[in-house]
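If you want the building blocks of each chain, they are given just below.
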Amino acid sequence: MRFQLHPRLQADTISIGRTRLSEILLMNDCTWPWVLLVPRREGVREIYELEDAEQIQLLRESSVLGQGMMSLFGGDKLNVAALGNMVPQLHLHHIVRVEGDPAWPGPVWGTQDPVPYDPVGLNHRLAELEPVVTRVMAAD
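Residues numbered from 1 in each chain as written. Predicted model: local features only at pLDDT ≥ 70, side-chain atom pairs only at ≥ 80, totals over all residues. Heavy atoms only, no water.

Draft legend 1. Geometry of the pattern of salt bridges. Counted under the stated rule, the structure contains six salt bridges. Put simply, Glu128 and Arg125 hold a salt bridge, and the shortest N to O gap is 2.9 Å. In this pair, Glu128 and Arg125 are both assigned in helix 3 (residues 119-138), three residues apart and thus about one turn of the helix distant. Overlapping salt bridges bring together Arg18, Glu23 and Arg40 as one network. (Salt bridge = Lys/Arg side-chain N within 4 Å of Asp/Glu carboxyl O. Helix = DSSP H or I, 4+ residues; strand = E, 2+ residues; numbered from the N terminus.)

Right, dumping it as structure tokens:
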């Protein structure tokens with residue numbers, strides 16, 4: 001089987017990079033710095049379904065991404081989650097949270113409708129994230 005990104009992820013995100021294992025996607029919601037890692041493995045729903053080396057690689061990518069995002073955005077907390085209740089395809093959310101943000105201290109899901117990036121805001125966010133994404137891609 002050939003890997004295909006779940007239609008919901010395709011509709012809600014913007015591709016910003018790729019490692020040997022994962023797609024790197026920006027959630028199209030400018031409320032929070034929010035990036036996803038999606039291992040390109042068909043039919044995988046859970047981390048334990050990845051091969052051992054892939055599990056280690058995903059953790060490495062996640063750690064580099066999380067550290068870079070927290071350093072860049074100066075968050076109070078990094079939320080990392082692999083819920084998969086609405087989208088069964090394995091994907092790992094990385095969301096920088098700041099005390100007082102619109103959902104603090106609760107989860108971001110269901111708090112408000114997504115606020116899509118406008119072209120200027122998207123270009124700015126992509127430029128901000130470029131060095132972080134480059135480091136994640138080098139973690140291969």
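Next, the rest of the story.
Draft legend 2. How the structure looks around helix 2 (residues 52-73). For helix 2, built from 22 residues, the straight-helix expectation of 32 Å at 1.5 Å per residue is met to within 8% by its first-to-last C-alpha distance of 31 Å. Here helix 2 has its buried residues at Glu54, Gln57, Leu58, Glu61, Ser62, Leu65, Gly66, Gly68, Met69 and Phe73. Residue Gly74 follows helix 2 closely and has a positive phi angle near 60°. (Expected span 1.5 Å × (residues − 1). Buried < 20%, exposed > 50% of the residue type's maximum accessible area, 1.4 Å probe, protein only.)

Draft legend 3. Expanded view of the nonpolar core. If you look at the biggest cluster of nonpolar residues, it comprises 22 residues, and the most contacted ones within it are Val35, Met69 and Leu129. Going through the elements one at a time, strand 2 (22-27), strand 3 (34-39), helix 2, strand 5 (92-97) and helix 3 are the ones with two or more residues in this core. A total of five residues in this core trace back to one element, the largest contributor, which is helix 3. The next biggest cluster of nonpolar side chains, apart from the first, holds 13 residues, and it includes Phe3, Leu9, Leu25 and Trp32. (Core = buried A, V, L, I, M, F, W, Y, C linked by side-chain atoms within 4.5 Å.)

Draft legend 4. Quick peek at the sheet that holds strand 2. Read across the sheet, five strands follow the order 1-2-3-5-4 without closing on themselves; strand pairing throughout is antiparallel. Either end of the sheet is taken by a strand with one partner, and the two such strands are strand 1 (13-18) and strand 4 (77-81). Neighbour-to-neighbour, the strand axes of the sheet open up by a mean angle of 25°, direction not taken into account. In terms of strand pairing, strand 2 meets strand 3 through five bridges, oriented antiparallel. Across the sheet, Leu25 pairs through a bridge with Leu36, a residue of strand 3. Set on the sheet, helix 2 makes contact with strand 2, strand 3, strand 4 and strand 5; between it and strand 5 the angle comes to about 20°. (Pairing = 2+ DSSP bridges. Axes fitted to C-alpha atoms, helices over the stretch in contact; angles between N-to-C directions. Contact = heavy atoms within 4.5 Å.)

Draft legend 5. Molecular detail of the packing of aromatic side chains. What the rule picks out here adds up to two aromatic pairs. Measuring from centroid to centroid gives 6.3 Å for Trp32 and Trp34, while their planes differ by 75°, and the two rings are edge-to-face. Residue Trp32 is classed as buried on the basis of its relative accessible area, which comes to 2%. Each ring, one from Trp34 and one from Trp109, has its centre 5.8 Å from the other, and the planes form 85°; the classification is edge-to-face. With Trp34 in strand 3 and Trp109 in the loop between strand 5 and helix 3, the pair connects residues that are 75 residues apart, well separated along the chain. Taking relative accessible area as the criterion, Trp109 reaches 38% and is therefore assigned partly exposed. Aromatic ring contacts, followed pair by pair, group Trp32, Trp34 and Trp109 into a single cluster. (Phe/Tyr/Trp six-rings, centres within 6.5 Å; stacked < 30°, edge-to-face > 60°.)

Draft legend 6. Fine view of the pairing of strand 1. Two strands pair when backbone bridges link them, and strand 1 and strand 2 are joined in this way by five bridges, in the antiparallel orientation. For Thr13, the partnering residue across the bridge sits in strand 2 and is Met27. Two successive antiparallel strands, strand 1 and strand 2, enclose a turn made up of three residues.

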